[in-house]
Amino acid sequence: MKRTLITGAAGFLGSHLCDRFIKEGHHVIGMDNLITGDLKNIEHLFKLPNFEFYHHDVSKFIHVPGELDYILHFASPASPIDYLKIPIQTLKVGSLGIHNCLGLARVKNARVIIASTSEVYGDPHVHPQDEDYWGNVNPVGPRGVYDEAKRFQEAITMAYHTYHNVATRIVRIFNTYGPRMRLNDGRVLPAFIGQALRGEDLTIFGDGSQTRSFCYVDDLVEGIYRLLMSDYVQPVNVGNPSEITISQFAEEIIKLTGTTQKVVYKSLPTDDPKQRKPDITRARQILGWEPKVSREEGLKITYDYFKSLPDEVLYNYADHREFDSFKK
Ligand code: UDP
């Protein structure tokens, strides 16, 4: 039985990865410090003999007894509001955390995949973004703590590959959505759906002309799995190239939820990328991967999930007014 460590196991992506690797017959060791993760996302796994959980901060030395075949480093705060609330932890998990994972991979002779991000492209001057683009990142802006940690993470991962011969993989993840996203993480999809469910107006930041490209979580997990099992070491974009403006996205959510509320405009956060769309040529060629789930289908599943949450979760949402310093 393959033994696989997943950091950030109680998070949105980490928990879906735990499900997938369990399904593939692995013994999964989930690790999370539960700062942004939630045990509810993985509580269905605790009864399984091939799942164990370590409540541990990966920025501190990691000890895992026994052999390890794979390590997936998915621990990190991952929304602009989180970076603002916990900037130092964001930097530490992307630097000290990956250093520990790579050291562990080296002693265990395990293969590592790291969760990188479209944020390494910053506010991009190249559109759509392919993997050869080096990006346009502001190191000292509010997103710098995340973007630069992820860029450092890619650099140290390549260094462990070339210097220590560790088997490494780098996935650059574009905006992803699905069940188990945190309703209060400030990201646009949970924000809009939460607002619709509470009967509030939908808050568009800026004029809504900025674009994003949303990938359903099952598609993303499939891409990650294929990349880990491949022998490709350079970064690979995994995301859905179907691009949409935030205004159009608000319209889709209004239609989906049937809300009678209106759209209101708020100031645009500092360094908010104007456009984002993955070029997935590399993923298509190397992994034979492309997304399968349409936004209509994926949004419906996600909406059903958010609707099923209890009121105390629905009303425990981030108040954007707290984060004025984040805005221009
Ligand atoms: N956004 C918005 N209203 C919200 C939350 C976000 O208009 O209530 C915008 C945000 O400014 C950005 C886009 O939606 O342009 C996606 O934001 P998100 O935080 O989901 O992800 P990221 O900016 O990291 O892609």
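Remember, predicted model here, so these are calculated numbers, not experimental data. (Residues numbered from 1 in each chain as written. Predicted model: local features only at pLDDT ≥ 70, side-chain atom pairs only at ≥ 80, totals over all residues. Heavy atoms only, no water.)

What about the packing of aromatic side chains?
According to the stated counting rule, one finds 10 aromatic pairs in the structure shown. Ring geometry for Tyr-83 and Tyr-146: centres 4.5 Å apart, planes at 10 degrees, overall stacked. Taken together, the residues Tyr-83 in helix α2 (residues 80-85) and Tyr-146 in helix α4 (residues 144-164) connect sequence positions 63 residues apart. Across this residue pair, the class does not change: Tyr-83 and Tyr-146 are buried. In this structure an aromatic cluster arises from ring pairing among Phe-46, Phe-51 and Phe-53. (Phe/Tyr/Trp six-rings, centres within 6.5 Å; stacked < 30°, edge-to-face > 60°. Helix = DSSP H or I, 4+ residues; strand = E, 2+ residues; numbered from the N terminus. Buried < 20%, exposed > 50% of the residue type's maximum accessible area, 1.4 Å probe, protein only.)

What to know about the site of the ligand
In the vicinity of the ligand, 19 residues are found, and the nearest of them are Thr-203, Phe-205, Arg-212, Asp-272 and Arg-276. A distance of 2.9 Å separates an oxygen atom of the ligand from a polar atom in the side chain of Arg-143. For the ligand, an oxygen atom lies 2.9 Å from a polar atom in the side chain of Asn-175. Taken by itself the ligand offers 520 Å² of open surface, and the protein chains cover 97% of this. Among the elements of the structure, α5 (188-198) and β8 (202-205) are those that each provide at least two residues to the shell around the ligand. (Near = heavy atom within 4 Å. Polar contact = N/O pair within 3.5 Å; in protein donor to acceptor, adjacent residues only side chain to side chain. Areas by Shrake-Rupley, 256 points an atom, 1.4 Å probe, with all protein chains shown as cover.)

Focus: the pairing of strand β2 (residues 27-32)
Burial analysis of β2 places 6 of its 6 residues in the buried class, which makes it a mostly covered element. The alternating pattern of β2 places His-27, Ile-29 and Met-31 on one face and Val-28, Gly-30 and Asp-32 on the opposite face, and all of these are buried. Strand direction decides the pairing type here: strand β1 (residues 3-7) and β2, joined by 5 bridges, are parallel. In the strand pairing of β2, Thr-7 is matched with Met-31. (Pairing = 2+ DSSP bridges.)

Here we look at the nonpolar core
By size, the foremost hydrophobic cluster in this structure holds 59 residues, and its most contacted members are Leu-72, Phe-74 and Ile-224. When residues of this core are assigned to their parent elements, the largest contribution, 7 residues, is made by helix α6 (residues 217-229). Val-58, Ile-62, Leu-102 and Val-166 belong to the second largest nonpolar core, which has 23 residues in total. (Core = buried A, V, L, I, M, F, W, Y, C linked by side-chain atoms within 4.5 Å.)

Concerning the side chain of Ser-79
Among the structural elements, Ser-79 can be located in the loop between β4 (70-73) and α2. In this structure Ser-79 touches Asp-185 and Arg-187, once residues within four positions along its chain are discounted. (Contact = heavy atoms within 4.5 Å.)

Let's talk about α4
For α4, built from 21 residues, the straight-helix expectation of 30 Å at 1.5 Å per residue is met to within 8% by its first-to-last C-alpha distance of 28 Å. For α4, the set of buried residues is Gly-144, Val-145, Tyr-146, Asp-147, Ala-149, Lys-150, Gln-153, Glu-154, Ile-156, Thr-157 and Tyr-160. Tucked into the core, α4 has its buried residues touching β4, α2, α3 (87-108), β5 (111-117) and β6 (168-173). Asn-165 lies just past α4 and shows a positive phi near 65 degrees. (Expected span 1.5 Å × (residues − 1).)

Examining the confidence of the model for the chain
Residues with a pLDDT of 70 or more make up 96% of the chain, whose mean pLDDT is 95. Note that pLDDT drops below 50 for residues 324-328; the model gives that stretch 15 contacts with residues more than four away or on any other chain. (pLDDT = per-residue confidence, 0-100.)

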